[in-house]
Amino acid sequence: MAKLIIEGGHQLNGTIRIGGAKNSVLKLMAASILGHGSFHITDVPAIDDVRTMVGVLRSLGVQAALHGNELHLAVNGVQGRPPERLVQSMRASVQVMGPLLARLGRAEIALPGGCAIGSRPLDIHLDGLRRLGAQIEEVEGRIIARAEVLTGADLTLRYPSVGATENILMAATLARGTTVIRNAAKEPEIVDIQDFLNRMGASVQGAGTSVITIHGVPDLGCADYRVIPDRIEAGTYVIAAAATGGELHLLNVVPHHLEPLLRILTAMGVPIEVGERTVRVYRAGRLHPAQVQTAPYPGFPTDLQPQFTALTLRAFGQSIVRESIYDNRFGYTTELRKLGAEIAVSQNRAVVNGGRPLFGAKLSAGDLRGGAALIIAGLMAEGVSEVAGLHHVDRGYENIAGQLQSLGARVVRLETGGVWLLNQPKTSLAFLLVILVVLAYLFLNSSYFTAAALQWTGLVLLDGAQLDDFVDFQPTNVLYLDKGALQRRLEEHPWIEKATVRWTWPNHVEVMISERLPLAWVAYGDIIYVLDRSGALMAPPSQFSVLELPKVVNVDLTAQAQLKAAARVLAAVPPGMVGTFARWDGASRALVTKSGVEIIMGDMEDVEAKLLLLEELWQDLAAQGLDPAVIDLRVLKNPVVRLRQP
């Protein structure tokens, strides 16, 4: 499980290119089931939901391969049903139901999963398919639909559901006669599906309006297609820039898709400039509060509601956010309160009293867009925040940690139980690890295995994980490395105490690691000092640069031990060195600066106990020749202890 460590207070500045729309490409992939031949889809986001849909298509007999941001599909015979575990992990997989029913006359899927943001019934989907002639029943958590022939119908949706509009639209392309969908959803992603299907040979008109007309055709072919830009990803980064007071230039954007968001941000005081395919956000001053209510397109998108709510924490005054799409989308506000946010939620409304200081905290994402909101809030908060549950965010944002880093954010992605080296130059990859082996060698010598070359500027090794889950296969880059040699290379790493490498399958490698993590590190020029858990100095690893050292590490120390360790840092190294260490359970955090060490104590309910602890620490540190200065605990919720060199 991954988490993101965020040091708040840094503006986002720079240029970012927005990728293809998650909510479009998943439906285009489902629509390909209706056709025959080879598809080449570009600008495909390399996100977990796309990988899940690739698995769904493969289970149905489609040859699917994702290379970077290009997707290749070969659709010939289609058969079977998607695996339950894939359908239950992503709601969009229900979109294969309409295409399967039209193509095979039968569709069987498990009830879909996805984010826990409220009830999202399928009754509008199923009612529409029944109007086309399908017989549908629910049996033990599965939906079974049958239809020897689908026949066009004139139907009106009781609510402009995006998913239902898409499912019915796709099924109707191969139905006999004409289908008219009234009160249809108008989202840009539906226009994208219409254009894709028409390139395959379908006859669809009206997408983007409330009435869509589909003239059924006997069969469909294939198409090459480029996915429209992701308006939700674009909106998330626009909000993040406004929240941090930065300046951001977004490329590959359709500005009018963002009009509801840009209009409200402008009213709040965020300067925005719109180009033909670009949006530029300028540095904002004091933000005004706002009132917003989510609605179907072209209203304010529900998928930007959590991120926008996080932004209102910066606006001075009372903002009100109403959610009209989902009935349980304010769950993330519980986590925002841990930062010091003042938010009151009642039914479908959140009242935010903004303009108050936020302080770093340990947070946990419960859904995709809520996770994005927590990251934005962490970027605004003072100090360090941890956002766990990053797998939710990975479903919809490609390499969000890397994107934020490129814009100047101080963020670190950590894999639980793993080793992390960040911002490492590509030239050092050879030093770290190049794993590899040719399949033929496996049969000749069991001490060899096949794996892929690492394709990023860092190393992630998870306890008990299959390494190829985190890398892309590049056969032209394959080298040969003995398992024993790899194990020795790993154990030579300064932060690894013990490593065990074993082959589990021709393409799978299991790497088990126990870490020798430092407590803290400080640097002066090219000299690096590292402290172990006891606070003693370790030999400086001269082969590393400062950028290759872990920026933060998990330690298990009491607040008292951390202060004493901070004192040892000051006593052991010359002035001018900079580093950081932290405890992530909220007890405290510390920062070694040029002028000394600053420790921010975490909140403790027992005020008297904290006063006694600070008094004891003061005496202990003074005995070591240090001069501690303590800000009164009764004034600040999180008192600050500053240790100055004598």
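Residue indices follow the written sequence of each chain, beginning from 1 at its first position. A pLDDT threshold of at least 70 governs which residues receive local features in this predicted model, and a stricter bar of 80 or more applies before side-chain atom pairs are shown or counted, although totals over entire chains, interfaces and linings include all residues. Side-chain descriptors were evaluated using all non-hydrogen atoms of the structure, hydrogens and water having been removed beforehand.

### A closer look at the overall build of the chain
So the rule is basically this: Segments assigned H or I by DSSP are reported as helices when at least four residues long, segments assigned E as strands when at least two residues long, and all are numbered from the N terminus. Here the term buried applies to any residue with accessible area under 20% of the maximum for its type, exposed to any over 50%, and partly exposed to those in between, with areas from a 1.4 Å probe on protein chains only. Each accessible area is a Shrake-Rupley result for a 1.4 Å probe, and residues are judged covered by the shown protein chains and nothing else.
Within the chain one finds 19 helices and 35 strands. Looking at the chain as a whole, 55% of its 646 residues are labelled buried. Within the structure as shown, the chain displays about 26,400 Å² of accessible surface, and the carbon and sulfur contribution to it stands at 51%.

### A look at the sheet that holds strand S11 (residues 203-205)
Selection criterion: Here the rule is simple: two strands pair whenever DSSP picks up at least two bridges between them. Working convention: axes come from line fits to C-alpha atoms, limited for helices to the stretch in contact. Angles between N-to-C directions cover 0 to 180 degrees.
Pairing within the open sheet is mixed, and its four strands lie in the order S9-S10-S12-S11. At either margin of the open sheet sits one strand with a lone partner, and together these are strand S9 (154-156) and S11. Strand-to-strand twist of the sheet, defined as the mean angle between neighbouring strand axes without regard to direction, takes the value 15°. In this sheet, strand S12 (residues 211-215) lies alongside S11 in antiparallel orientation, the contact comprising three bridges. Bridged to Gln205 within S12 is Thr213.

### Some remarks on the packing of helix H1 (residues 22-31) against helix H7 (residues 188-200)
Here is the rule we go by: Here the angle decides the label: under 35 degrees means roughly parallel, over 145 means roughly antiparallel, 65 to 115 means roughly perpendicular, and every other value means oblique. Less than a right angle of anticlockwise turn of the near helix away from the far helix marks a crossing as left-handed, whereas a clockwise turn marks it as right-handed. Pairs of residues are marked as contacts when any of their non-hydrogen atoms sit within 4.5 Å.
Interaxial distance between H1 and H7 falls to 9 Å at its minimum, and their mutual angle equals 30°. It follows from the interaxial angle that H1 and H7 lie roughly parallel. As for the relative orientation of H1 and H7, their crossing is right-handed in sense. Between H1, through Asn23, Ser24, Lys27, Leu28 and Ala31, and H7, the contact on the second element is made entirely by Glu189, Asp192, Ile193, Phe196, Leu197 and Met200.

### Side note on the sheet that holds strand S4 (residues 63-67)
Across the sheet, which stays open at both edges, the four strands sit in the order S4-S5-S3-S13 with mixed pairing between neighbours. What marks the edges here is a single partner per strand, and that holds for S4 and strand S13 (224-226). Between one strand axis and the next, the sheet turns by 15° as a mean value, whatever way the strands run.

### So, helix H12 (residues 368-380)
Here is the rule: For a helix, the expected span equals 1.5 Å multiplied by the residue count minus one.
The terminal C-alpha atoms of H12, which comprises 13 residues, lie 19 Å apart, in line with the 18 Å expected from a rise of 1.5 Å per residue. Within H12, 13 of the 13 residues are buried, leaving the element largely enclosed by the surrounding structure.

### Some thoughts on the confidence of the model for the chain
Do not read the fine detail of predicted coordinates wherever pLDDT is low. Selection rule: Scored from 0 to 100, pLDDT records how confident the predictor is in each individual residue.
On average, residues of the chain carry a pLDDT of 77, and 61% of them reach 70 or more. Between residues 504-508, whose pLDDT stays under 50, and residues either more than four places distant or in other chains, the model counts twelve contacts. Between residues 542-557, whose pLDDT stays under 50, and residues either more than four places distant or in other chains, the model counts 53 contacts.

### A few points about the packing of helix H8 (residues 231-244) against helix H10 (residues 305-312)
Threshold: Under the grouping applied here, Gly and all other residues not named as nonpolar or charged are polar, the nonpolar ones being Ala, Val, Leu, Ile, Met, Phe, Trp, Tyr, Cys and Pro and the charged ones Asp, Glu, Lys and Arg.
Between H8 and H10, the shortest axis-to-axis distance is 10 Å and the interhelical angle comes to 5°. Considered as vectors, H8 and H10 are oriented roughly parallel to each other. Along its contact with H8, which presents Ile232, Thr236, Ile239, Ala242 and Ala243, the element H10 presents Gln307, Phe308 and Leu311. Counted by class, the contact of H8 with H10 contains six nonpolar, two polar and no charged residues.

### Points about unusual backbone geometry
The omega torsion of the bond from Tyr297 to Pro298 falls at 15°, within 30 degrees of zero and hence cis. Relative to the helices and strands, Pro298 is located in the loop between strand S17 (291-293) and H10. Positive phi, normally seen in glycine, also occurs at Asn183, with a value near 55°. By the secondary structure assignment, Asn183 is in the loop between strand S10 (178-182) and H7. Owing to a relative accessible area of 30%, Asn183 belongs among the partly exposed residues under this scheme. The backbone of Gln347 shows a phi angle near 55°, a positive value even though the residue is not glycine. On the basis of relative accessible area, Gln347 is assigned to the exposed category, the value being 77%.

### Let's talk about the nonpolar core
The condition that has to hold: The definition of a nonpolar core used throughout is a set of buried Ala, Val, Leu, Ile, Met, Phe, Trp, Tyr and Cys residues joined through side-chain atoms within 4.5 Å.
In terms of nonpolar packing, the biggest core is built from 75 residues, with Leu132, Leu150, Leu169, Ile181, Phe196, Leu197 and Ile212 touching the most fellow members. Setting aside anything within four residues of it in sequence, one finds Phe196 in contact with Leu28, Ala31, Ser32, Phe39, Ile41, Ala223 and Tyr225. Counting residues in hydrophobic clusters, the runner-up holds 71 residues, among them Ala241, Leu304, Leu368 and Leu404.

### Some thoughts on the environment of Gly98
Within the secondary structure layout, Gly98 lies in helix H4 (residues 97-104). Here the alpha-carbon distance between Gly98 and Asn167, two residues 69 residues apart in the chain, equals 5.1 Å. In this structure, Gly98 is in contact with Leu129, Asn167 and Ala171, ignoring residues within four places of it in sequence.

### Describing the pairing of strand S5 (residues 70-75)
Remember that side chains alternate between the two faces of the sheet whenever the strand is regular. Bridge count between strand S3 (residues 37-42) and S5: six bridges; the pairing is antiparallel. Residue pairing for S5: Gly37 is matched across the bridge by Val75. The hairpin formed by S4 and S5 contains two residues between the paired strands, and Gly68 there has a positive phi angle of roughly 60°.

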